[in-house]
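# Descriptive analysis of the structure
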Amino acid sequence: MPLEERLYQIALTQVPGIGTVQAKQLIETVGSASEIFKMRKNKLGLIEGIGEMRAAAIKNFIDFAAAEEELEFCKKHNVQMLFLGDEKYPSRLMHCYDAPTLLYFKGNAELNAQKIVAVVGTRHHTEYGKQLTEKLVEDLSELQVLVVSGLAFGIDSIAHKASLKHQLPTVGVMGNGLSKVYPSVNKPMAKEMILQGGLLTEFGNKTLPDKHNFPRRNRVVAGMADAVIVIETAEKGGSMITAELAGSYNRDVFAYPGKTTDIRSGGCNRLIQQNKAQLVTSAQDVIEAMGWQKKKSKPKAQRSLFIELSSEEKLILNSFKEKEQVHIDELYFGHSLTGSSVAAAILNLELQGVIKSLPGKIYTLV
């Protein structure tokens, strides 16, 4: 990636009035950050959601020195920049309407791993919550899932530490820049995570851990996972926000129940009561609900050699060349087909016994 393009990508995130939704619209319409800045004001203003004022903000932007400083920080500290559409950008997150325009990542985790779970919960956990989290991660270790959380006190930290213990990759999503670990007590753990997972943020390196950053952090946790598992939480708090966001992104949400008299389980119980989360008591419940259980190897029945596939059906099947299972979002957004064409092709392939649906909006070859 040319450094000039990277500079414009950083600058785009710093233009006043251009949020993630507008930036995504600009990128999808124009193609690259550099072309956005080089486009004429009147043409920019015609793009849906931009208008005259935002177009003027882009054309009047001059603070490229700050963008250069950010770029230098990334080079010096071996930080990867992941821009919308980049190959290593988290593909699950990319399909969210408010996906971050640019992510900063330090680590070695595969952010497009086959199985990703987010484990979240209260900062003020009980021994019950600690034991549940440690057992959950231990039992998931056989599947080599990527464990994502928010690097906070409590359940988040327990999930990260348990992942490190059981050699699972784990990523901490931060509500501040990479120049500082918050809370500072997690610095030693964060260093281990960089070697066995990583740290991820959409905030520039000088951004402080201000309160209003954490709901934005939570949407990244929710959007990049296949499933969000809530361990302990009160009825108000960041974990409830993450669960609500996960539901809006069509992610599977699970919650461990707790005592009705314990306020630290009140949020989990409420999510289950309102059918916003599936009740789980173990990792096995999650594994079965997601269709992740290991199947005994057996010879596959030979598919009919005489099935005639349409061009749309062939395009859908191409998605399974390198993956055993494909999420429905990838089928809808990974092609130039219309939504109705994708839906029709999926239905026909199911009827012909070529693919089948699994829990969690996943499809696999028969």
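In this text the structure is predicted, and so the values were computed from the model without any measurement.

The rules behind the values
Residues numbered from 1 in each chain as written. Predicted model: local features only at pLDDT ≥ 70, side-chain atom pairs only at ≥ 80, totals over all residues. Heavy atoms only, no water. Helix = DSSP H or I, 4+ residues; strand = E, 2+ residues; numbered from the N terminus. Rg over C-alpha atoms; globule rule 2.2 N^0.38 Å. Buried < 20%, exposed > 50% of the residue type's maximum accessible area, 1.4 Å probe, protein only. Contact = heavy atoms within 4.5 Å. Areas by Shrake-Rupley, 256 points an atom, 1.4 Å probe, with all protein chains shown as cover. Salt bridge = Lys/Arg side-chain N within 4 Å of Asp/Glu carboxyl O. Phe/Tyr/Trp six-rings, centres within 6.5 Å; stacked < 30°, edge-to-face > 60°. Core = buried A, V, L, I, M, F, W, Y, C linked by side-chain atoms within 4.5 Å. pLDDT = per-residue confidence, 0-100. Arc of directions from axis to C-beta. Pairing = 2+ DSSP bridges. Axes fitted to C-alpha atoms, helices over the stretch in contact; angles between N-to-C directions.

## Re the overall build of the protein chain
Across its full length, the protein chain holds 17 helices and 12 strands. In terms of overall dimensions, the protein chain is globule-like: its C-alpha atoms have a radius of gyration of 22 Å, near the 21 Å expected for 366 residues. C-alpha atoms of the protein chain, sized along the principal axes, occupy 60 × 60 × 35 Å. Here the protein chain, with 366 residues, has 52% of them falling under the buried criterion. For the protein chain, the proportion of contacts with a sequence separation of at least 24, taken over those separated by at least 6, is 70%. In the structure as shown, the protein chain presents an accessible area of about 18300 Å², 52% of it carried by carbon and sulfur atoms.

## Comments concerning the pattern of salt bridges
Tallied over the entire structure, the rule returns 12 salt bridges. A salt bridge links K75 to E72, with the shortest nitrogen-to-oxygen separation between them at 3.2 Å. A residue pair is termed a helical-turn pair when its members lie 3 or 4 positions apart in one helix, as K75 and E72 do in helix α6 (residues 64–76) at three residues. Its relative accessible area of 49% is what places K75 among the partly exposed residues. Given a relative accessible area of 46%, E72 falls into the partly exposed group. Residue E202 is joined to R216 by a salt bridge in which the shortest nitrogen-to-oxygen separation is 3.1 Å. Placement of E202 in the loop between β6 (197–201) and α11 (214–223) and of R216 in helix α11 is noted, with a sequence separation of 14 residues between them.

## Details of the packing of aromatic side chains
The final tally for this structure, using the stated rule, is six aromatic pairs. A centroid spacing of 5.2 Å and a plane angle of 80° characterise the contact between F61 and F64, whose relative ring orientation is edge-to-face. On the basis of relative accessible area, F64 is assigned to the partly exposed category, the value being 22%. Ring pairs connect the aromatic residues Y8, F37, F61 and F64, which therefore count as one cluster.

## Concerning helix α13 (residues 266–273)
Among the residues of α13, those classed as buried are G266, G267, C268, L271 and I272. Buried residues in α13 make contact with β7 (227–230), α12 (238–248), β8 (252–255) and β9 (278–279). Backbone geometry just after α13 places N275 at a positive phi near 60°.

## A word on the nonpolar core
One finds L12, L26 and L200 to be the most contacted residues of the largest nonpolar core, which totals 75 residues. Among the elements that line this core, the one with the most residues is helix α1 (residues 3–14), at five residues. The contacts of L26, once residues within four sequence positions are left out, are L12, I18, G31, I36, L44, I47, I50 and I58. Counting 26 residues, the second largest nonpolar core, distinct from the first, contains L136, V147, F254 and M290.

## With respect to the confidence of the model for the protein chain
Counting all residues, the mean pLDDT for the protein chain is 91, and 96% of those residues have values of 70 or more. This model gives residues 298–302 a pLDDT under 50, and the stretch forms one contact once residues within four places in sequence are excluded.

## So, unusual backbone geometry
Looking along the chain, the bond that leaves Y182 and enters P183 is cis, with omega of 0°. For N78, which is not a glycine, the phi torsion comes out positive at approximately 55°. Note on placement: N78 falls in the loop between α6 and β1 (80–83).

## A closer look at helix α10 (residues 187–195)
Of the positions making up α10, those classed as buried are M189, A190 and M193. Seen from one end, α10 has its buried residues packed into an arc of 100°, which puts them on one side. For α10, exposure combined with an orientation more than 90 degrees from the buried face picks out P188, K191 and L195. Looking one or two places after α10, you find G197, whose phi comes out positive at around 145°.

## Topic: the side chain of T20
Considering the arrangement of structural elements, one finds T20 in helix α2 (residues 20–30). For T20, a relative accessible area of 17% translates into the label buried. Every residue in contact with T20, bar those within four places of it in the chain, is listed here: D98, A99, P100, T101, E202 and R219.

## Structural notes on the sheet that holds strand β10 (residues 325–327)
The antiparallel open sheet is built from three strands, whose spatial order is β10-β12-β11. Single-partner strands in this sheet number two, and they are β10 and β11 (355–358). Shown here is a sheet whose adjacent strand axes are inclined to one another by a mean of 30°, direction ignored. Where β11 lies against strand β12 (residues 362–365), four bridges are found, and the strand directions are antiparallel. Among the inter-strand pairings, I355 is bridged to a residue of β12, identified as L365. Running over the sheet, helix α17 (residues 339–351) touches β11 and β12 and is turned about 105° from β11.

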